[in-house]
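Spelled out, the chains give:
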Amino acid sequence: MDEDLIFKVLAIVSEIPQGKVASYKQIAILAGHPQNARLVGKILSHASMYGDYPCHRVVNSAGRLVPDWFEQRDLLLEEGVIFKDNGNVDLKSCKWRIV
């Protein structure tokens, strides 16, 4: 993987404020690779090799969490992220809006 892209993605993720979430696609667009949301997911799955990043703040475009990463929900709840009854993040109230 391209290290410049890795650090660009991780830099964007580090800017997501507490209590907000971003989607993989949103990160891909901000990184200049709008068709590579899955690559963003792959990068984030290896993020611990590069440091401590708030990867728990990244969800899919429907607000679904990472499968089998049970701590993600707890981390988001601690930050005040709101969940809908179906278990997805309430993106209307918690999506990171870049101005």
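Computed from a predicted model, the values in this text were never measured in an experiment. (Residues numbered from 1 in each chain as written. Predicted model: local features only at pLDDT ≥ 70, side-chain atom pairs only at ≥ 80, totals over all residues. Heavy atoms only, no water.)

### Concerning the nonpolar core
Here's step 1: Val-9, Val-13, Ile-16, Ile-27, Val-40 and Leu-44 are the most contacted members of the largest nonpolar core, which totals 19 residues.
Here's step 2: Of all elements in the fold, only helix H1 (3-14), helix H2 (24-30) and helix H3 (37-45) reach the threshold of two or more residues within this core.
Here's step 3: Of the residues forming this core, the biggest block, six residues, is contributed by H1. (Core = buried A, V, L, I, M, F, W, Y, C linked by side-chain atoms within 4.5 Å. Buried < 20%, exposed > 50% of the residue type's maximum accessible area, 1.4 Å probe, protein only. Helix = DSSP H or I, 4+ residues; strand = E, 2+ residues; numbered from the N terminus.)

### Topic: H3
Here's step 1: Where H3 is concerned, the buried positions are Val-40, Ile-43 and Leu-44. In a view along the axis of H3, the buried residues occupy a sector of 95°, so they form one face of it. Exposed side chains of H3 directed beyond 90 degrees from the buried face belong to Arg-38 and Ser-45.
Here's step 2: On its buried side, H3 packs onto H1, H2 and strand E2 (58-59). (Arc of directions from axis to C-beta. Contact = heavy atoms within 4.5 Å.)

### As for the environment of Ala-47
Here's step 1: Mapped onto the fold, Ala-47 is located in the loop between H3 and E2.
Here's step 2: When its relative accessible area of 2% is taken as the criterion, Ala-47 is described as buried.
Here's step 3: Here the alpha-carbon distance between Ala-47 and Val-9, two residues 38 residues apart in the chain, equals 9.7 Å.
Here's step 4: Among residues more than four places away in sequence, those in contact with Ala-47 are Leu-10, Tyr-53 and Cys-55.

### Some thoughts on the state of the cysteines
Here's step 1: In total, this model carries zero disulfides according to the counting rule given.
Here's step 2: The cysteine Cys-55 is free of any disulfide, with Cys-94 supplying the nearest cysteine sulfur at 18 Å. (Disulfide = S-S within 2.5 Å.)

### Some details on the pattern of salt bridges
Here's step 1: Tallied over the entire structure, the rule returns one salt bridge.
Here's step 2: One salt bridge connects Arg-57 with Glu-79, and the closest N-O pair in it is separated by 2.8 Å. Taken together, the residues span a long stretch of sequence, with Arg-57 in the loop between H3 and E2 and Glu-79 in the loop between helix H4 (70-78) and helix H5 (91-94) at a distance of 22 residues. (Salt bridge = Lys/Arg side-chain N within 4 Å of Asp/Glu carboxyl O.)

### With respect to the packing of H1 against H3
Here's step 1: One can describe the packing of H1 onto H3 by two numbers: an axis separation of 10 Å at closest approach and a directional angle of 85°. By the angle between their axes, H1 is roughly perpendicular relative to H3. Every residue of H3 that contacts H1 at Leu-5, Ile-6, Val-9, Leu-10 and Val-13 is listed here: Leu-39, Val-40, Ile-43 and Leu-44.
Here's step 2: Partitioned by chemical class, the residues of the contact of H1 with H3 number nine nonpolar, no polar and no charged. (Axes fitted to C-alpha atoms, helices over the stretch in contact; angles between N-to-C directions. Parallel < 35°, antiparallel > 145°, perpendicular 65-115°, else oblique. Nonpolar A, V, L, I, M, F, W, Y, C, P; charged D, E, K, R; others polar.)

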